[in-house]
Amino acid sequence: MSAIDRLYNINNRTSKKSVNIDDSLYKKLIYLTQNRFDATVSDLINVAIEDYSSDNRPAFYGKPENESVTYRSIMLREENINWLSKTSRKTGISATRLVNAAIKEFIDKIK
């Protein structure tokens, strides 16, 4: 992949969406933005969703026992919003659980 391929198309704008994110996953994203990547939490979540959707095998990621969640506003790319909506309808897995699964997989991959 060339550097040009990492740029977003002008039509793939971001939109503000609110999603319940597991607090433990969110804390790990905060750590990554402060210590490893020059990116926002929203940037990392978009990359996580793009990577997760490219595998084309969404799976249910249940909320861990005793995990607290917080309703957070994030900026998601339109293509990611469309994928989440389509996949949620197709699989019956909520968009929230898909986002959390994508974040979990992303964090597991970069450890």
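All values derive from a computational prediction rather than experimental measurement. (Residues numbered from 1 in each chain as written. Predicted model: local features only at pLDDT ≥ 70, side-chain atom pairs only at ≥ 80, totals over all residues. Heavy atoms only, no water.)

(A) Summary view of the side chain of N46. Positionally, N46 belongs in helix α2 (residues 41-55). Accessibility expressed as a relative area gives 3% for N46, which makes it buried. In this structure the side chain of N46 is engaged in a polar contact, spanning 2.8 Å, whose partner is the backbone nitrogen of R77. For N46, the residues in contact, after removing those within four places along its chain, are Y8, M75, L76, R77 and N80. (Helix = DSSP H or I, 4+ residues; strand = E, 2+ residues; numbered from the N terminus. Buried < 20%, exposed > 50% of the residue type's maximum accessible area, 1.4 Å probe, protein only. Polar contact = N/O pair within 3.5 Å; in protein donor to acceptor, adjacent residues only side chain to side chain. Contact = heavy atoms within 4.5 Å.)

(B) Structural context of the environment of I81. Within the secondary structure, I81 sits in helix α3 (residues 78-91). Setting aside residues up to four positions removed in sequence, I81 forms contacts with S15, K17 and L76.

(C) Seen up close, α2. Between its first and last C-alpha, α2 extends 22 Å over 15 residues, near the 21 Å set by a 1.5 Å rise per residue. Listing the buried residues of α2 in full gives V41, S42, L44, I45, N46, A48, I49, Y52 and S53. On its buried face, α2 is in contact with β1 (14-22), α1 (23-35), β2 (69-77), α3 and α4 (95-110). (Expected span 1.5 Å × (residues − 1).)

(D) Quick peek at the pattern of salt bridges. Enumeration over the complete set of coordinates arrives at six salt bridges. Residues K109 and D51 are paired through a salt bridge, measuring 2.6 Å at the closest nitrogen-oxygen approach. Taken together, the residues span a long stretch of sequence, with K109 in helix α4 and D51 in helix α2 at a distance of 58 residues. For D55, the salt bridge identified is with K109, shortest N-O distance 3.6 Å. Of this pair, D55 sits in helix α2 while K109 sits in helix α4, placing them 54 residues apart in sequence. Looking at K109, the relative accessible area reads 46%, which means it is partly exposed. What emerges from the salt-bridge pattern is a single network uniting D51, D55, R57 and K109. (Salt bridge = Lys/Arg side-chain N within 4 Å of Asp/Glu carboxyl O.)

(E) Main features of the side chain of D23. Mapped onto the fold, D23 is located in helix α1. D23 sits in the buried class, given a relative accessible area of 14%. When residues no more than four places from it in sequence are discounted, the contact partners of D23 are E67, S68, V69, T70 and R72.

(F) Molecular detail of the packing of aromatic side chains. If you walk through the whole model with that rule in mind, you get one aromatic pair. A ring pair is formed by Y52 and W83, whose centres lie 6.0 Å apart and whose planes are at 85 degrees; its orientation type is edge-to-face. With Y52 in helix α2 and W83 in helix α3, the pair connects residues that are 31 residues apart, well separated along the chain. Here Y52 falls in the buried class, since its relative accessible area comes to 4%. For W83, a relative accessible area of 12% gives the class buried. We note R72 situated over the ring of Y26; from NZ or CZ to the ring centre the distance is 3.6 Å. The side chain of R77 reaches across the aromatic face of Y8, ending 3.8 Å from its centre. (Phe/Tyr/Trp six-rings, centres within 6.5 Å; stacked < 30°, edge-to-face > 60°. Lys NZ or Arg CZ within 6 Å of the ring centre and 35° of its normal.)

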